[in-house]
Amino acid sequence: MTNELHNALADYLLALADDELILGHRDSEWCGHAPILEEDIAFANIALDEIGHAGVWYRLVADLRDERPETYPDQLIYFREMADYRSAPLVELPKGDWALTMLRQYLFDALESVRLERLAASAYPPLAEADAKIRTEELYHLRHTTAWVRRLGLGTEESRRRMQAALETLWPYALQMIEQPSAELVEAGYVPAEDDLRHAWEDMVIPHLQDSGLDVPHQTILPPFDRQRHTEHLSALLDEMQSVARLIPDARW
Amino acid sequence: MMIEIERLWQALNDVPDPELPVVSLVELGIVRDVQVTAGKIVVTITPTFSGCPAHYAMQDAICDRLRQVTDAAIEIMTTYSPPWSSDWITDTAREKLRAFGIAPAPRHGGNVMLLEAVTCPNCGSANTVLRNPFGPTPCRMIYTCNDCRQPFEAFKPL
Ligand SMILES: [Zn+2]
């Protein structure tokens, strides 16, 4: 592998990991606050899984950067400055109401599932192996959020109104998530191309949103997107997430 | 001094799972390999779920147990490949889980069917209903039995 390919892959995986970590953190904010006990348990688990998946990707980044996979993930999570994070606005947005949380998780899970399906055939063997670990776990998420989108979309007038509002807020940010990876990564067969991913994702989510009684917005112009820039929401999230580790950097628990 | 691998496995056999102490980490298929290289013991483990919060507690428990039988240096490695499968849980462990009130995951041979009927560990009825695909730990879900009317937990097929 050339040096450029190496670095491009590490950057690609860092973005995947950061999205999972930040979404996992947002999901964890429901712990003790979800509308029903069963969903409190479900979202605590989904949060844990997403953070676990971030850990798997961070370990691959560690390998690519010749860092120790046992310690590097914590370094990245707790001691990186906001400017060095690569998360997307979709996952940075505050948790909002239950409709927004559920819909965001669904849109993200759907994208993850089509991406994981393709990464299983990655020409970079450690990536294909990590994919195999994550894919079955993700089945549980997608099945859960798919059912909830339908339940809320076809539920009461109020639940539909909230879902439609959430969809209008989230849709442009969700479309942004499907990016064009650097050409050499696609050519090397390491990661899927943008159009392949976009079609598979749209074929999955658009019919389901419509069957759930929701109007999918027409979006032609996407907000500008740069993974080096962040919403103001990330700053408060990192302050909270990193505070204890930074207070006592060598703490053991 | 020679370090006998067999003795290390014997010691590891009684390291309980931190969240399900009725079964051992070996029986659950979490301990994958034990090697001795240049006088150092290397134990390879694989977590059930990638976000398993008991991961560090398991490593500590393994080290503590091995230190009772050896003075050699110990290293615990984590691998995700091949990914942990609920099929690896031994038959004895399945019985212990059932007696403890947790339905073991049906063996799936690599094709995970999420809607598999689960047998109630209390009364043996198959007339059960999934209440929540998520439970008190990442590897468990919550069911209710329509016959004995008891809620119970089931190990997730993975
Ligand atoms: Zn029963």
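Quantities reported herein were computed from a predicted structural model and do not represent experimental measurements.

Novice: Pulling in residues and values, what's your account of the overall build of chain A?
Specialist: Counting its regular elements, chain A contains 10 helices and zero strands. Start at the N end of chain A and walk to the C end: the helices and strands fall as α-α-α-α-α-α-α-α-α-α. Here chain A has a C-alpha radius of gyration of 18 Å; the compact-globule value for 253 residues is 18 Å, and the two agree. Once the C-alpha set of chain A is aligned to its principal axes, its extents read approximately 55 × 45 × 35 Å. Out of the 253 residues belonging to chain A, those deemed buried represent 54%. Within chain A, contacts between residues separated by at least 24 positions form 81% of all contacts whose residues are at least 6 apart in sequence. When the accessible surface of chain A is totalled, it reaches about 11,300 Å², and 53% of it is carbon and sulfur. If you average the places of the 23 positive and of the 46 negative side-chain charges in chain A, the two averages end up 3 Å apart.

Novice: Can you break down helix α1 (residues 5-13) of chain B residue by residue, with the values?
Specialist: All names here are of chain B. Considered for burial, the residues of α1 that qualify are Leu8, Ala11 and Leu12. Buried residues of α1 fall within an arc of 100° about the axis and therefore sit on the same side. Contacts made by the buried residues of α1 are with β1 (31-37), β2 (40-45) and α2 (55-67).

Novice: Run through the interface of chain B and chain A, naming residues and quoting values.
Specialist: Listed as interface residues are 28 residues of chain B and, on the opposing side, 22 residues of chain A. Of the roughly 2,300 Å² buried where chain B meets chain A, counting both sides, 60% is carbon and sulfur surface. Seen at the junction of chain B and chain A, the total is seven residue pairs in polar contact (both at pLDDT 80 or more). Of all elements in the fold, only β5 (128-132) and β6 (140-145) of chain B reach the threshold of two or more residues within the side of chain B that touches chain A. No other element matches the three residues that β5(B) contributes to the side of chain B that touches chain A. Grouping the constituent residues of the side of chain B that touches chain A by class yields 17 nonpolar, eight polar and three charged.

Novice: Kindly report on the nonpolar core, identifying the contributing residues and their values.
Specialist: Where a protein is soluble and globular, its nonpolar side chains tend to be buried together. Membership of the largest hydrophobic core comes to 124 residues, with the highest contact counts inside it found for Trp57(A), Trp201(A) and Leu209(A). The biggest single contributor to this core is helix α5 (residues 98-119) of chain A, with 13 residues. Of the residues that make up this core, three or more belong to each of domain 1 (5-78) and domain 2 (89-155) of chain B. Beyond its immediate sequence surroundings of up to four residues, Trp57(A) is in contact with Leu13(A), Leu16(A), Ala17(A), Glu20(A), Leu116(A), Leu119(A), Leu127(A), Ala130(A) and Ile134(A).

Novice: How would you sum up the domain arrangement of chain B? Please name residues and give values.
Specialist: Residues and elements named next belong to chain B. Examined at the domain level, chain B breaks down into domain 1 (5-78) and domain 2 (89-155). The distance between the C-alpha centroids of domain 1 and domain 2 comes to 26 Å. On the side of domain 2, 13 residues touch domain 1, which itself brings 10 residues to the contact. Counting each side, the surface lost to burial between domain 1 and domain 2 is near 1,000 Å², with a carbon and sulfur contribution of 75%. By the criterion of area lost to domain 2, the three top residues of domain 1 are Leu20, Val22 and Glu27, representing 50% of everything that side buries. Between the two partners, domain 1 and domain 2, sit one salt bridge. Glu27 serves as the salt-bridge partner of Lys96, at 2.6 Å between the closest nitrogen and oxygen.

Novice: Residues and numbers for the coordination of the zinc ion, please.
Specialist: Residues and elements named next belong to chain B. Every protein donor of the zinc ion is accounted for by Cys120 (SG), Cys123 (SG), Cys145 (SG) and Cys148 (SG), and the metal-donor separations fall at 2.2 to 2.4 Å. If you look at the zinc ion, its four donor atoms make angles of 106 to 115° with each other, and the shape they trace is tetrahedral. Along the chain, the residues that donate to the zinc ion are spaced as C-x2-C-x21-C-x2-C. Residue Cys123 is found in the loop between β4 (102-103) and β5, and its partner Cys148 is found in the loop between β6 and β7 (151-155); the two are separated by 25 residues along the sequence.

Novice: How would you explain the packing of helix α1 (residues 3-28) of chain A against helix α10 (residues 232-247) of chain A if you had to name every residue and give the values?
Specialist: Two measures define how a pair of helices packs: the angle their axes make with one another and the distance between the axes. Residue and element names in this part refer to chain A. Interaxial distance between α1 and α10 falls to 11 Å at its minimum, and their mutual angle equals 75°. Here α10 runs roughly perpendicular to α1, going by the angle between their axes. Here Leu21, Ile22, His25 and Arg26 of α1 come into contact with α10, specifically with His233, Leu234, Leu237, Leu238, Glu240 and Met241. Within the contact of α1 with α10, the residues separate by chemical class into six nonpolar, two polar and two charged.

Novice: With reference to specific residues and values, describe the sheet that holds β7(B).
Specialist: Each strand in a sheet pairs with another by means of backbone hydrogen bonds, the pair being arranged parallel or else antiparallel. Residue and element names in this part refer to chain B. On the basis of which strands lie adjacent, the open sheet formed by four strands has the order β4-β7-β6-β5 and mixed pairing. At either end of the open sheet lies a strand with only one pairing partner, and these are β4 and β5. Looking at chain direction, β6 and β7 are connected through five bridges and run antiparallel. Within β7, the position partnered with Met141 by the bridge is Ala154.

Scoring rules and cut-offs
- Residues numbered from 1 in each chain as written.
- Chains lettered and ligands numbered in written order.
- Predicted model: local features only at pLDDT ≥ 70, side-chain atom pairs only at ≥ 80, totals over all residues.
- Heavy atoms only, no water.
- Helix = DSSP H or I, 4+ residues; strand = E, 2+ residues; numbered from the N terminus.
- Rg over C-alpha atoms; globule rule 2.2 N^0.38 Å.
- Buried < 20%, exposed > 50% of the residue type's maximum accessible area, 1.4 Å probe, protein only.
- Contact = heavy atoms within 4.5 Å.
- Areas by Shrake-Rupley, 256 points an atom, 1.4 Å probe, with all protein chains shown as cover.
- Lys, Arg positive; Asp, Glu negative; His and termini not counted.
- Charge placed at Lys NZ, Arg CZ, Asp CG, Glu CD.
- Arc of directions from axis to C-beta.
- Buried area = accessible area lost by both parts, 1.4 Å probe.
- Polar contact = N/O pair within 3.5 Å; in protein donor to acceptor, adjacent residues only side chain to side chain.
- Nonpolar A, V, L, I, M, F, W, Y, C, P; charged D, E, K, R; others polar.
- Core = buried A, V, L, I, M, F, W, Y, C linked by side-chain atoms within 4.5 Å.
- Domains from an automatic or database assignment.
- Salt bridge = Lys/Arg side-chain N within 4 Å of Asp/Glu carboxyl O.
- Donors = N, O, S within 2.8 Å, 3.2 Å for Na, K, Ca; no water.
- Tetrahedral: all angles 85-135°; square planar, octahedral: opposite > 155°, others 65-115°.
- Axes fitted to C-alpha atoms, helices over the stretch in contact; angles between N-to-C directions.
- Parallel < 35°, antiparallel > 145°, perpendicular 65-115°, else oblique.
- Pairing = 2+ DSSP bridges.

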